[in-house]
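# What the coordinates show
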Amino acid sequence: MWESLGKTVLRYRVLLLLALLAVTAFMGWQASKVKINYEFANAIPTDNPKYVAYQAFRRQFGEDGNLLVIGVQTDRFFQKSFFDDYRRLQSDVKKVAGVEGVLAVPGAVALVKNDSLEKLDARPVFPDSLQTQADIDSAAARFGALPFYRGLLYNADSNAYLMGVTINGPLLQSPKRAETIGAIVQLVEAFEQRQGTDLHLSGLPLIRTQVALKIQREMRWFTIGSFALSALILLLFFRSISATLLSLAVVAVGVVWSFGTLQLLGYKITLLTALIPPLVVVIGIPNCIYFLNKYHTSWRQYGDKQKALVQMIAKMGVVTLFCNIAAAIGFAVFALTRSAVLKEFGAVAGIAIGLLFIISLLLIPPVLAMTAAPKAGHLRYLDNRIVGRWLERLERWSLHHRKTIYLATVVLLAAAIMGTLRLKSVGYIVDDLPKTDVIYSDLKWFEHQFRGVMPLEIVVDAKKRKGLQRDIAGNLRRIDSLVLYLKSKPYVGRTMSITEISKFVRQAFYEGDSSMYALPSDYELPALKDYFAVKKDTAQKGGGTVDKLLRSLVDSNWQQARVSGAMMDVGSDRLPLILDSVQGRAGEIFDTARYRVSITGGSVTFLEGSRFIINGLKESIFWAFLLIALCMLYLFRSFRILLCSLLPNIIPLVITAGVMGWVGVPLKPSTVLVFSVTLGIAIDITIRFLVNYKQQAGGGLSVEENVVSSIHSTGLSIIYTSGVLIAGFIIFCFSGFGGTQSLGWLTSLTLVVATVANLTLLPALLLDLTGRKGRKTTIETPRH
């Protein structure tokens, strides 16, 4: 079958090359339309209760993850030169396209009772008429008497001040967000230069945008880097510019097809899908090495280019096909999870890697047929003495030191299993950023000064229309009890709710006396009722200050009340415990028969998504193992061979898990990814070895002779292929994301162990499980 296919490919090579070029042009056109995804929440399936609750919250109260914060710590804040410049910064930021509002100290307002209209007037605490330092000092004293802003806009204990910038929600889902964030950052940097003071920026809009831009830059440089490194290794390997360019052409077409597939499936670039192009380069190069190596050995054997090319396809076609299938399975199993981001990554990566076989088959043989025959210098690598000596050592170990191999394997497995017991599963919103990154350090600054900026939202649902008004005094006390519980937690920052508004209104009612900043009593509520009501005339004009605050915290039916706060980036392991404790306290405060309390927010759904991804990846490892085992069973038709093939690939995974446990690398989306991906890639080595072993079976060779022959005939290409793969993944160690770095060195480590295991443990297992020394091989070679 494969010989016939080889002759057909060579006969219609021009037509096939034109078809390949046409499809590549179409895929390139599709690839030009690929966009970046700025969303975090799609890690959770749409029917997940937390996702459903979050979407219901957004429909009712709007976007919660659109607040960018700017912080400064200085004892010069109320000095006239600094304060005036800070006021200008607030004004300039407000003018940036996409900014909907800015809340900062210079824009603070005080509520003043207007008895004649029975409403509260909002008057600036720092009016534009302030001219002197004395005016600013007087206004600062009035501002300090407003507890409403304490912990919200400033930290009196450390002289830290916060500016909150609200950005348009739809804009945050578009590429224009980068322009908006960039403009704000430029204004902040200009202020820093003028004042000689460091400012800090954080919030989900900034984090998402900066991470997306980093992804874009890294995807470009990693793809270029993987091309350059692969070219260097191929040039050193084959000593042929034409062979190097041909191999690079294969992976270049593969990269274009991967982007085209991404667009055709309607997906966007994420932190995971950005890894696909360099992965295609790294995984595609072994196809080229296998084909070219077989072509060169066949050319040396037959001296006929046509026959060498046919033999190349006949012998390596099945190897490359099943290698690509195994690698594609390692990625495609992610599509079986219920996480949208994993489905996208699995589908695109699986298809792209599977297509590499078609690209290699349609490009390599036709081009080789049109070019000159290999020269003597191109074949020199076949006689590499250093590799030859190592292969002789591997032969001696497999034949004469199998007990040592088994003992070493058992010892390493024991140490690895002990390490796996130390593994922890945890993820953070800025998990993959190094601690030296300014995004990480600024986030920690806000956590230290304001106890976090990650959105935390709690919705109290009275289950009935006007349900909150039927017992307004009791409901205020219950909500305030929940707020006080949150305030007692060191990982939760200042919250905003209807209770804070009622306290602010009560203070205004008593002529601004700060000691009156407290919940209204049952007797005071009737007098304050009119000040809470939303007037029709103010509603038509957009509402007053109290009206706007009420509409952002209570729905129009007075059925749902919102407690809006911020929290630290506590991690996916602590978050469920925290949410359970808050939910438990809410259950004690609110009668579940009358109220429904739900906890949501962008940070909650993101960390829940991380936990969901980790669980999905664990399932994917099982499916990858099962599907690859079925492929191996179909290919070799022998349970003994199946056992021999799986053990050398499972052991490296266990050792890698053990290393993670010993060095303290946690299980998170980027690190769990290693196992199923590496299983799909490492099994290629096994397939390469065993197919050669199988093709020589029945030729009168004993098991021992067949194993020795397979070591020498496949060892060279296996070592070089593994070197390319390991070097390709090491590129990821230069990433600015910690998770991508871990993916790089952990995958490289696993491939090193897998290569050693397949060249030592696999031959030893074949000798002991498939036949004794001197026994003839009797494995049936299936027809293809």
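In case you missed it, the structure is sitting above this.
Residues numbered from 1 in each chain as written. Predicted model: local features only at pLDDT ≥ 70, side-chain atom pairs only at ≥ 80, totals over all residues. Heavy atoms only, no water.

Counting its secondary structure elements, the protein chain contains 26 helices and 10 strands. Principal-axis analysis of the C-alpha atoms gives the protein chain an extent of 110 × 50 × 45 Å. Taken across its 784 residues, the protein chain has 58% of its residues classed as buried. Taking all contacts inside the protein chain whose residues are at least 6 apart in sequence as the whole, residues at least 24 apart take part in 80%. Summed over its atoms, the accessible surface of the protein chain is roughly 32,600 Å², and 59% of this surface lies on carbon and sulfur atoms. (Helix = DSSP H or I, 4+ residues; strand = E, 2+ residues; numbered from the N terminus. Buried < 20%, exposed > 50% of the residue type's maximum accessible area, 1.4 Å probe, protein only. Contact = heavy atoms within 4.5 Å. Areas by Shrake-Rupley, 256 points an atom, 1.4 Å probe, with all protein chains shown as cover.)

Moving on, we get to the layout of surface pockets. Put simply, the second largest pocket is a space of about 520 Å³. In terms of lining, the second largest pocket is formed by 20 residues, of which the most central are Arg-150, Gly-151, Arg-451, Lys-487 and Arg-494. Secondary structure elements with two or more residues in the lining of the second largest pocket: β5 (154-155), α14 (438-450), α16 (472-487) and α17 (498-509). Ranked by residue count, the leading element in the lining of the second largest pocket is α16, at four residues. Partitioning the lining of the second largest pocket into residue classes produces eight nonpolar, five polar and seven charged. (1 Å grid on protein atoms, 1.4 Å probe; cavity = no way out; pocket = protein on both sides within 12 Å on 5 of 7 lines; lining within 4 Å. Points joined across faces, edges and corners; volume = space filled by probe spheres on them. Nonpolar A, V, L, I, M, F, W, Y, C, P; charged D, E, K, R; others polar.)

When their charged atoms lie close together, side chains carrying opposite charge are able to pair. Counted according to the given criterion, the structure contains 17 salt bridges. We note a salt bridge from Lys-80 to Asp-84, for which the minimum N-O separation is 2.8 Å. In this pair, Lys-80 and Asp-84 both sit in helix α4 (residues 80-95), four residues apart, roughly one turn of the helix. Owing to a relative accessible area of 30%, Lys-80 belongs among the partly exposed residues under this scheme. Residue Glu-511 pairs with Lys-113 through a salt bridge whose shortest N-O separation is 3.8 Å. Of the two residues, Glu-511 sits in the loop between α17 and α18 (525-532) while Lys-113 sits in strand β3 (residues 109-114), which places them 398 residues apart along the sequence. A single network of salt bridges, built from pairs that share partners, joins Asp-480, Arg-494, Glu-500 and Lys-503. (Salt bridge = Lys/Arg side-chain N within 4 Å of Asp/Glu carboxyl O.)

A few words now on helix α12 (residues 385-400). Across its 16 residues, α12 extends 22 Å between first and last C-alpha, which sits within 8% of the 22 Å expected from 1.5 Å per residue. Looking only at α12, the buried set comprises Val-387, Leu-391, Leu-394, Ser-398 and Leu-399. An end-on view of α12 places all buried positions within 125° of arc, on one side of the element. Along α12, the residues that are exposed and aim more than 90 degrees away from the buried face are Arg-385, Ile-386 and His-400. Packing partners of the buried residues in α12 comprise α13 (402-420), α25 (703-730) and α26 (738-769). (Expected span 1.5 Å × (residues − 1). Arc of directions from axis to C-beta.)

What follows is about a nonpolar patch on the surface. The grouping of Leu-336, Phe-622, Trp-623, Leu-626, Leu-627 and Leu-630 at the surface amounts to a nonpolar patch, some 550 Å² of accessible area in total. Mapped onto the secondary structure, Leu-626 falls in helix α22 (residues 602-636). (Patch = residues over 30% accessible without salt bridge, like charges linked within 9 Å, V, L, I, M, F, W, Y side chains within 5 Å.)

What follows covers the pairing of strand β1 (residues 67-73). In terms of burial, β1 is a largely internal element, five of the seven residues being buried. Across seven bridges, the pairing between β1 and strand β6 (residues 160-167) is antiparallel. Across the sheet, residue Leu-68 finds its bridge partner in β6, namely Val-165. Here four bridges tie β1 to strand β7 (residues 199-202), and the two strands are oriented antiparallel to one another. Within β7, the position partnered with Val-72 by the bridge is Leu-199. (Pairing = 2+ DSSP bridges.)

One finds Phe-78, Phe-126, Tyr-149, Val-165 and Ile-184 to be the most contacted residues of the largest nonpolar core, which totals 259 residues. For this core, the element with the most residues is helix α11 (residues 340-370), which contributes 17 residues. Those residues in contact with Ile-184, other than ones at most four positions away along the chain, are Leu-68, Ile-70, Val-93, Val-96, Val-99, Val-165, Ile-167 and Leu-201. (Core = buried A, V, L, I, M, F, W, Y, C linked by side-chain atoms within 4.5 Å.)

Turning to the packing of aromatic side chains, a few remarks are in order. Taken as a whole and assessed by the stated rule, the structure comprises 30 aromatic pairs. Ring geometry for Tyr-154 and Tyr-161: centres 6.4 Å apart, planes at 25°, overall stacked. Residue Tyr-154 shares its accessibility class with Tyr-161, and that shared class is buried. Measuring from ring centre to ring centre gives 5.9 Å for Phe-729 and Phe-732, while their planes differ by 55°; the resulting arrangement is tilted. Over the aromatic face of Trp-29 sits the side chain of Lys-33, whose NZ or CZ is 4.0 Å from the ring centroid. (Phe/Tyr/Trp six-rings, centres within 6.5 Å; stacked < 30°, edge-to-face > 60°. Lys NZ or Arg CZ within 6 Å of the ring centre and 35° of its normal.)

Our next topic: the side chain of Ser-202. Within the secondary structure layout, Ser-202 lies in strand β7. For Ser-202, a relative accessible area of 1% puts it in the buried group. Sequence-distant contacts of Ser-202, that is, excluding residues within four places in its chain, are made with Leu-67, Leu-68, Val-69, Ile-207, Leu-443, Phe-446 and Val-453.

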